[in-house]
Structures are given as structure tokens and as C-alpha cells.
Amino acid sequence: MQPYAGQLEPSPRKNQDRPGVSRQVLLLVAFLAASFLVAGLGSLATFNNVTGWYAAADKAPWSPPDWVFGPVWTFLYAGMAVAAWLVWREQEPGTPRALGLYGLQLALNLAWTPVFFGLYPAIGGAALWLALGIIIALIAAVAVTVLAFGPISRTAGLLLLPYVSWLVFATTLNGWAALNN
């Protein structure tokens, strides 16, 4: 039915083509699995080194106890996965680009841990400076991801803000380590 002159065309119901519940649950599980796969792969580099060179390293005075990192990263990885899922399920035109940015930041996240923890025994302080470059690029990638997620799902964009905050904090720890080890 055509609208009358001057009448606004009815807007299509947003997300009328949203995937079914079972597919949504499957994709949520997939996003969670991807996040925790990155976490698990990153933790492989920390196991031997947290109690090795890192235990004796000069750490920033504001560095939290080691036990804090696991719960914080668990919360952040879960939030990242839910944010990506929220964007995916909206099926907006910008979704592929936004999820591509999400993948980029996830790859940078995955790269940081083995460089910071794993390369230090092999190349020393240069590994910490390289890790600093990676984490700065990661902050930029996550910030751009927030900007891409926000228009698609405000909640998704907001879910990434604690991640950005933690990355900025972690960058100060990385910077201190690079300057003092």
C-alpha cells in the first residue's frame, strides 16, 4: 500500500529478520568460545613465565596482585563475546565491518600475551617494548570497534568500555615494565 501524499512511509520493523533463538544461542556460544580460546591460548604463555621471570620483574607500584588478572580478564572476555553477539544478531548493514574490527582486536589481544610473557626470556626488554606497541594498537582497535558497535547496538558499545579502561591501565603496567626491566 502506497502512503498518501505527505504521509510518512511506515518504517519496517527493526530486526524482523533476526535469526531464530537456537541459532542465536549457538552463535553466542561460538562468540564465547572464541573469546575464551584467545584467553586460553594467551594463558599458555603466562603459565611458566608468571612464576619465572615475571615474578622477579620490577613491576609498577600500582600493579594489582597476580590473582586479580584472572577474574578481570574472565569478565572482560565474556563482555567482549556478548558485545559481538549483540552486534551480530542485529544484522545491520555495518555488522560485517564491525565484526571484522572485533576480529582484529581479538587477534591483537591474542598477540600481546605471548610477546610480553613468552618473548622476554628470549629477547629481554625488547619484548616488553614490542608488547607495548601491540597494546597501544589494541587500544586503538578496541576504540574503533566501540565506535562501530555503538550505532548497531548501544549496549554492545557500552560493554566494551570496561575493556578499553582495563587496557589503558594494563598499558601503564606494560610501560613501567618496559622502562624498568
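Quick notes on the rules
- Residues numbered from 1 in each chain as written.
- Predicted model: local features only at pLDDT ≥ 70, side-chain atom pairs only at ≥ 80, totals over all residues.
- Heavy atoms only, no water.
- Helix = DSSP H or I, 4+ residues; strand = E, 2+ residues; numbered from the N terminus.
- Rg over C-alpha atoms; globule rule 2.2 N^0.38 Å.
- Buried < 20%, exposed > 50% of the residue type's maximum accessible area, 1.4 Å probe, protein only.
- Contact = heavy atoms within 4.5 Å.
- Lys, Arg positive; Asp, Glu negative; His and termini not counted.
- Charge placed at Lys NZ, Arg CZ, Asp CG, Glu CD.
- pLDDT = per-residue confidence, 0-100.
- Core = buried A, V, L, I, M, F, W, Y, C linked by side-chain atoms within 4.5 Å.
- Axes fitted to C-alpha atoms, helices over the stretch in contact; angles between N-to-C directions.
- Parallel < 35°, antiparallel > 145°, perpendicular 65-115°, else oblique.
- Left-handed = near helix turned anticlockwise from the far one by under 90°.
- Nonpolar A, V, L, I, M, F, W, Y, C, P; charged D, E, K, R; others polar.
- Phe/Tyr/Trp six-rings, centres within 6.5 Å; stacked < 30°, edge-to-face > 60°.

### Some words on the overall build of the chain
Point 1. When you go through the chain residue by residue, the secondary structure sums to eight helices and zero strands.
Point 2. Its helices and strands taken in sequence order, the chain reads α-α-α-α-α-α-α-α from the N to the C terminus.
Point 3. A compact globule built from 181 residues should have a C-alpha radius of gyration of about 16 Å, whereas the chain, at 20 Å, is more than 25% larger.
Point 4. Along the three orthogonal principal directions, the C-alpha set of the chain runs to about 75 × 35 × 25 Å.
Point 5. Here the chain, with 181 residues, has 43% of them falling under the buried criterion.
Point 6. Of all intrachain contacts in the chain linking residues separated by at least 6 positions in sequence, the fraction that spans at least 24 positions is 80%.
Point 7. One way to put it: in the chain the 8 positive side-chain charges average out to a point 4 Å from where the 6 negative ones average out.

### Quick notes on the confidence of the model for the chain
Point 1. When pLDDT is averaged across the chain, the result is 90; 90% of the residues are at 70 or more.
Point 2. Under a pLDDT of 50 for its full length, residues 1–13 has, in the predicted model, two contacts with residues more than four places off or in other chains.

### Concerning the nonpolar core
Point 1. Grouped together as the largest cluster of nonpolar side chains are 55 residues, with contacts concentrated most on Phe31, Trp53, Trp73, Phe116, Phe149, Tyr163 and Leu167.
Point 2. If you list the elements that add at least two residues to this core, you get helix 1 (21–50), helix 2 (53–56), helix 3 (66–90), helix 4 (95–118), helix 6 (125–152) and helix 8 (161–180).
Point 3. With 14 residues, the single largest contributor to this core is helix 6.
Point 4. In contact with Phe31, other than residues within four places in its own chain, are Ala81, Ala84, Trp85, Trp88, Leu99 and Tyr102.

### What to know about the packing of helix 6 against helix 8
Point 1. Packing of helix 6 against helix 8 leaves a shortest axis separation of 9 Å and a crossing angle of 165°. When the axis of helix 6 is compared with that of helix 8, the two are roughly antiparallel. At the point where helix 6 passes helix 8, the crossing takes the left-handed sense. Counting all contacts with helix 6, which are made through Leu128, Trp129, Ala131, Leu132, Ile135, Ile136, Leu138, Ile139, Val142 and Val146, the residues of helix 8 involved are Leu161, Tyr163, Val164, Leu167, Val168, Ala170, Thr171, Asn174, Gly175, Ala177, Ala178 and Leu179.
Point 2. Within the contact of helix 6 with helix 8, the residues separate by chemical class into 19 nonpolar, three polar and no charged.

### Quick word on the environment of Trp88
Point 1. For Trp88, the position within the fold is in helix 3.
Point 2. A C-alpha to C-alpha distance of 9.8 Å links Trp88 and Phe31, two positions 57 residues apart in sequence.
Point 3. Apart from residues no more than four positions distant in its own chain, Trp88 is found in contact with Pro19, Arg23, Gln24, Leu27, Phe31, Thr95 and Leu99.

### Notes on the packing of aromatic side chains
Point 1. Tallied over the entire structure, the rule returns 17 aromatic pairs.
Point 2. Measuring from centroid to centroid gives 5.6 Å for Trp53 and Tyr54, while their planes differ by 85°, and the two rings are edge-to-face. Take Trp53 and Tyr54: they sit in the same class, and that class is buried.
Point 3. For the pair Tyr54 and Phe116, a centre-to-centre distance of 6.1 Å together with 70° between the ring planes defines the contact as edge-to-face. Placement of Tyr54 in helix 2 and of Phe116 in helix 4 is noted, with a sequence separation of 62 residues between them. The pair formed by Tyr54 and Phe116 is uniform in burial state, with each residue classed as buried.

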